[in-house]
Amino acid sequence: MFHINDHFLKLPGSYLFAEIARRIREYQAAHPDADLIRLGIGDVTQPLVPAVIDAMHEAVDEMGKRETFRGYGPDFGYDFLVNAIREWDYEKRGISLAYDEVFVSDGAKCDVGNIQELFSDDAVIAVTDPVYPVYVDSNAMAGRAGNYKGDRWDRLVYLPCNAENGFVPALPEQKVDVLYLCYPNNPTGTVLTKEQLKVFVDWARENQALIIYDAAYRAYITTEGIPASIYEVEGAREVAIECNSFSKTAGFTGTRCAYTVIPHEVRGLSSTGEKVELNALWKRRMATKFNGVSYPVQRGAAAVYTEEGQKQIREVIAGYMENARIIREGLEARGFTVFGGKDAPYIWMKVPSGMDSWAFFDKLLDEAHVVGTPGAGFGPSGEGYFRLTAFNTREKTLEAVSRFERLKL
Ligand code: PLP
């Protein structure tokens, strides 16, 4: 009989959101009248903005005419989108990217999950903790995380982020090859200043390590001076690749478009000691395994980079951030300790003492009919915390916050 990849068997339990969905399903089956408010999964709720819809309609019409029909697109994205990304997300910030350093894809999840294919099996991986689970699980599936013992993988390096260190991770103490950073952070909603990010860029340069910078929430930054791209930090082009997405920026979670930047300077060592551009390896991988994002979707994404598109997505984001403020201030007023929610659509609250985060999940579900995400699902340092998201409507968000009164603490 054929053999399977045993590393899959080491993955603990079900994927976090599958477990949450299971608990909600069971609760709803037992309490069919419960009116649940979901401040859990990080999915957007507002529709695509008119500029995007108009561009997609036009593109669909083009696909219906022989003269303008398009078949397979370029593997790395259409010129019009790649150039719009370069101009609007980078040149406007004084960052210059070559045309072939931008790779359009169907998701940041896919990119941050697939990028590990380019690393050797024995590469040492570090993650901030708590962490977006995809970085961990994708490396675990490839055998790079070792074995899962207790609440952690024994070959992964965890950099704790908690209230005590102000959610600023310390540098790894051991040799690390690849470090995943995500700012604005999911799940904590916290950010790094340029100076704090520079510490990591300098470390990576000194240690010839790679940083995978996930900037999926960059559009939510409101604080002046917080970097929206790691390339705002000097020297980052040598050591960092950056993943971005239209999912949270422009409501594309169900439409699918994202991009990853891999500067030519980023190089890794082959087993024969040759320095190889990661950019070339990713090109090879994408050309082999990916067929590009559909034309209408790329047209929709490009419409984000127009004056009208920008104005419209900013209004939507402002609405979500108003929800974040409602949650942050509402919970603080009720005596809870909360973090994040200023430059990210996530609020990271401390669980009332004496309870673990899954127990708080069940309590909030049962007593307030509010769904959140237990911090423990994001890694060992997430225990004792709970994530709430700003993606529901203003009315539901206000109602959810007021329901915290119902908790019997
Ligand atoms: N990166 C982070 C940190 C996320 O939280 C998410 C989605 O929740 C993603 C990436 C996924 O983005 P996409 O929808 O582009 O796959």
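Residues numbered from 1 in each chain as written. Predicted model: local features only at pLDDT ≥ 70, side-chain atom pairs only at ≥ 80, totals over all residues. Heavy atoms only, no water.

1. Examining the pattern of salt bridges
As enumerated under the stated definition, the model contains 24 salt bridges in all. Here Glu 322 ties to Arg 394 by a salt bridge, and the two come within 2.7 Å at their closest N and O atoms. Taken together, the residues span a long stretch of sequence, with Glu 322 in helix 11 (residues 307–333) and Arg 394 in helix 13 (residues 394–403) at a distance of 72 residues. Note on Arg 394: relative accessible area 40%, which makes it partly exposed. In this structure, the salt-bridge partner of Glu 329 is Arg 325, at a minimum N-O distance of 2.7 Å. Taken together, the positions of Glu 329 and Arg 325, both in helix 11 and 4 residues apart, correspond to about one turn of that helix. Through salt bridges with shared partners, a single ionic network connects Glu 19, Arg 22, Arg 23, Glu 26 and Asp 362. (Salt bridge = Lys/Arg side-chain N within 4 Å of Asp/Glu carboxyl O. Helix = DSSP H or I, 4+ residues; strand = E, 2+ residues; numbered from the N terminus. Buried < 20%, exposed > 50% of the residue type's maximum accessible area, 1.4 Å probe, protein only.)

2. Some details on the sheet that holds strand 8 (residues 210–214)
Read from one edge of the open sheet, 7 strands run 2-10-9-8-7-3-6, paired in mixed fashion. Of all strands in the sheet, those with a lone pairing partner are strand 2 (102–105) and strand 6 (157–160), marking the two edges. Pairwise comparison of adjacent strand axes, ignoring direction, gives a mean angle of 20 degrees for this sheet. Pairing of strand 3 (residues 125–129) with strand 7 (residues 178–182), which is carried by 3 bridges, proceeds in the parallel orientation. Directly across from Ala 126, in strand 7, lies its bridge partner Leu 179. The sheet strands contacting helix 9 (residues 278–289) are strand 2, strand 8 and strand 9 (240–245), and the helix crosses strand 2 at an angle near 30 degrees. (Pairing = 2+ DSSP bridges. Axes fitted to C-alpha atoms, helices over the stretch in contact; angles between N-to-C directions. Contact = heavy atoms within 4.5 Å.)

3. Quick word on the site of the ligand
Near the ligand there are 14 residues, and of these Asn 186, Asp 214, Tyr 217, Ser 245 and Ser 247 occur at the shortest range. At a separation of 2.7 Å, an oxygen atom of the ligand approaches a polar side-chain atom of Asn 186. In isolation the ligand offers 400 Å² of accessible surface; the protein chains occlude 91% of this area. Contributing elements (two or more residues each) for the shell around the ligand: helix 4 (108–114) and helix 8 (246–250). Looking at the shell around the ligand residue by residue, the class counts come to 6 nonpolar, 4 polar and 4 charged. (Near = heavy atom within 4 Å. Polar contact = N/O pair within 3.5 Å; in protein donor to acceptor, adjacent residues only side chain to side chain. Areas by Shrake-Rupley, 256 points an atom, 1.4 Å probe, with all protein chains shown as cover. Nonpolar A, V, L, I, M, F, W, Y, C, P; charged D, E, K, R; others polar.)

4. Considering the side chain of Ser 247
Inspection of the secondary structure puts Ser 247 in helix 8. Setting aside residues up to four positions removed in sequence, Ser 247 forms contacts with Val 44, Phe 252, Thr 253, Arg 256 and Cys 257.

5. Details of the domain arrangement of the protein chain
Along its sequence, the protein chain is carved into domain 1 (6–47 + 309–406) and domain 2 (54–306). Using only C-alpha atoms to locate each centre, domain 1 and domain 2 end up separated by 25 Å. Taken together, the contact pairs 35 residues of domain 1 with 50 residues of domain 2. A combined buried area of about 3,300 Å² lies between domain 1 and domain 2, and 63% of that area is made up of carbon and sulfur atoms. Among the residues of domain 1 in contact with domain 2, Asp 343, Phe 378 and Pro 380 are the three that bury the most area, contributing 20% of the side total. Taken together, the links from domain 1 to domain 2 amount to 0 salt bridges. Applying the counting rule to domain 1 against domain 2 returns 13 residue pairs in polar contact (both at pLDDT 80 or more). Every element with two or more residues in the side of domain 1 that touches domain 2 is listed here: helix 11, strand 13 (338–340), strand 14 (346–350) and strand 17 (385–389). Examining the composition of the side of domain 1 that touches domain 2, we find that 7 residues originate from one element, helix 11, more than from any other. Classifying every residue of the side of domain 1 that touches domain 2 gives 18 nonpolar, 10 polar and 7 charged. (Domains from an automatic or database assignment. Buried area = accessible area lost by both parts, 1.4 Å probe.)

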